[in-house]
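These are the residues of each chain, in order.
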Amino acid sequence: GQQVMQIPQYQHVQEGEDFTTYCNSSTTLSNIQWYKQRPGGHPVFLIQLVKSGEVKKQKRLTFQFGEAKKNSSLHITATQTTDVGTYFCAGKNTGTASKLTFGTGTRLQVTL
Amino acid sequence: GAGVSQSPSNKVTEKGKDVELRCDPISGHTALYWYRQSLGQGLEFLIYFQGNSAPDKSGLPSDRFSAERTGGSVSTLTIQRTQQEDSAVYLCASSSPQGGGYGYTFGSGTRLTVV
């Protein structure tokens, strides 16, 4: 079945440093979504990318969808302590079912 | 409602007992999903509803797990003869039929502990 892997599994940065998480799917995706889960919380939707090569920005966050629609990345510029949490990508297969397959997640720790 | 509501928020049960978890999605959201998250792990898909029907129940781990949805709204996930490996946070999500790039809205989850 479809697998979605993320690297790194965990990253610890100092506030102000940049952070990137990478997402790779075993199958071509119709779209990819990103979610953030704060410690003790539930996943919260951040953004959806649909087009091949698409780039979207939300303040300090930059999201990219690969040309082959099998990979994606999330880059955070100048991290802040409020960025702490686990970031999940989630992909929807081309064709049928509506469900999202979530990636393995990247846990980000930010310290002063 | 304004958000996805799940109950109970916490459930401790003895091994072998049955449990029912409830999800009340956002009004008007026809799609409803159940996922499971073990401690420190990712989200494992369980079942997807479109209206009252379940076109994809491929993630249910065993026949001890079942789910239903009535009136295109509230859904119940039932686990029979619970086992310790069933301990996890069970998350419900709903999404708009129009899509529109708004993603899933998750509830706060039910933390199930089987002792």
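Preceding this section is the structure that the text describes.
Structure report, in brief. (Residues numbered from 1 in each chain as written. Chains lettered and ligands numbered in written order. Predicted model: local features only at pLDDT ≥ 70, side-chain atom pairs only at ≥ 80, totals over all residues. Heavy atoms only, no water.)

**Considerations on the overall build of chain A**
In terms of regular secondary structure, chain A is built from zero helices and 11 strands. Expected size for 112 residues packed as a compact globule is a radius of gyration near 13 Å; at 13 Å, chain A falls within 12% of this value. Based on the C-alpha atoms only, the size of chain A along its principal axes is roughly 45 × 25 × 20 Å. Considering chain A as a whole, with its 112 residues, one finds that 48% of them fall into the buried category. By sequence separation, contacts in chain A at least 24 residues apart represent 55% of the contacts at least 6 residues apart. Across chain A, 12 positive and 6 negative side-chain charges occur, with their mean positions spaced 11 Å apart. (Helix = DSSP H or I, 4+ residues; strand = E, 2+ residues; numbered from the N terminus. Rg over C-alpha atoms; globule rule 2.2 N^0.38 Å. Buried < 20%, exposed > 50% of the residue type's maximum accessible area, 1.4 Å probe, protein only. Contact = heavy atoms within 4.5 Å. Lys, Arg positive; Asp, Glu negative; His and termini not counted. Charge placed at Lys NZ, Arg CZ, Asp CG, Glu CD.)

**A few points about the overall build of chain B**
Of the regular secondary structure elements, chain B holds zero helices and 11 strands. When its helices and strands are written in sequence order, chain B yields β-β-β-β-β-β-β-β-β-β-β. By the compact-globule yardstick of 13 Å for 115 residues, chain B fits well, its C-alpha radius of gyration being 13 Å. With respect to the principal axes defined by its C-alpha atoms, chain B has extents near 40 × 25 × 25 Å. Expressed as a percentage of the 115 residues in chain B, the buried residues total 45%. In chain B, once contacts between residues fewer than 6 apart in sequence are set aside, the share between residues at least 24 apart is 54%. Summing over all exposed atoms, chain B offers an accessible surface of approximately 5400 Å²; the carbon and sulfur share of this is 44%. One way to put it: in chain B the 10 positive side-chain charges average out to a point 3 Å from where the 10 negative ones average out. (Areas by Shrake-Rupley, 256 points an atom, 1.4 Å probe, with all protein chains shown as cover.)

**Looking at the sheet that holds strand S7 (residues 65–69) of chain B**
All names here are of chain B. Spatial ordering of the open sheet is given by S1-S3-S8-S7, a layout of four strands whose pairing is antiparallel. Where the open sheet ends on each side, the last strands, each with one partner, are strand S1 (5–7) and S7. Within this sheet the neighbouring strands show an average axis-to-axis angle of 15°, counted without direction. In the sheet, S7 pairs with strand S8 (residues 75–79) via five bridges, with the strands oriented antiparallel. (Pairing = 2+ DSSP bridges. Axes fitted to C-alpha atoms, helices over the stretch in contact; angles between N-to-C directions.)

**As for the interface of chain B and chain A**
Each side of the interface is counted separately: chain B has 18 residues, and chain A has 13 residues. For the pair chain B and chain A, the interface holds one salt bridge. The salt bridge partner of Lys-99 of chain A is Asp-56 of chain B, with a shortest N-O separation of 3.0 Å. Listed by contribution, the elements that provide at least two residues to the side of chain B that touches chain A are strand S4 (31–37) and strand S5 (43–50) of chain B. By residue class, the composition of the side of chain B that touches chain A is nine nonpolar, eight polar and one charged. (Salt bridge = Lys/Arg side-chain N within 4 Å of Asp/Glu carboxyl O. Nonpolar A, V, L, I, M, F, W, Y, C, P; charged D, E, K, R; others polar.)

**Observations concerning the packing of aromatic side chains**
Applying the stated rule across the entire model yields 14 aromatic pairs over all chains. Ring plane angle 50° and centroid distance 5.3 Å describe the contact between Tyr-35 of chain A and Phe-102 of chain A, whose orientation is recorded as tilted. Of this pair, Tyr-35 of chain A sits in strand S4 (residues 29–37) while Phe-102 of chain A is found in strand S10 (residues 101–102), placing the two residues 67 residues apart along the sequence. Here Tyr-35 of chain A matches Phe-102 of chain A in class, with each residue buried. Among the aromatic residues, those joined into a cluster by ring pairs are Tyr-35, Phe-45, Phe-88 and Phe-102 of chain A together with Tyr-33, Tyr-35, Phe-45, Tyr-48, Tyr-104 and Phe-106 of chain B. (Phe/Tyr/Trp six-rings, centres within 6.5 Å; stacked < 30°, edge-to-face > 60°.)

**A few points about the pattern of salt bridges**
Pairing is possible between side chains that carry opposite charge, provided their charged atoms lie close to one another. All names here are of chain B. According to the stated counting rule, one finds six salt bridges over all chains in the structure shown. Put simply, Asp-24 and Arg-22 hold a salt bridge, and the shortest N to O gap is 4.0 Å. Residue class for Asp-24 comes out partly exposed when judged on its relative accessible area of 27%. A salt bridge links Glu-44 to Arg-36, with the shortest nitrogen-to-oxygen separation between them at 3.0 Å. The buried category is assigned to Arg-36, whose relative accessible area is 11%.

**Things to note about the nonpolar core**
Judged by nonpolar contacts, the single largest core of 20 residues is most densely connected at Trp-34 and Phe-63 of chain A. Of all elements in the fold, only strand S3 (19–25), S4, strand S5 (44–49), strand S7 (61–65), strand S8 (71–76), strand S9 (85–93) and strand S11 (106–111) of chain A reach the threshold of two or more residues within this core. In terms of nonpolar packing, the next biggest core, distinct from the first, is built from 19 residues, Val-19, Cys-23, Phe-65 and Val-114 of chain B among them. (Core = buried A, V, L, I, M, F, W, Y, C linked by side-chain atoms within 4.5 Å.)

**A short note on the side chain of Asn-31 of chain A**
Relative to the helices and strands, Asn-31 of chain A is located in strand S4. Among residues more than four places away in sequence, those in contact with Asn-31 of chain A are Gln-48, Leu-49, Val-50, Phe-65, Ala-90, Gly-91 and Lys-92 of chain A.

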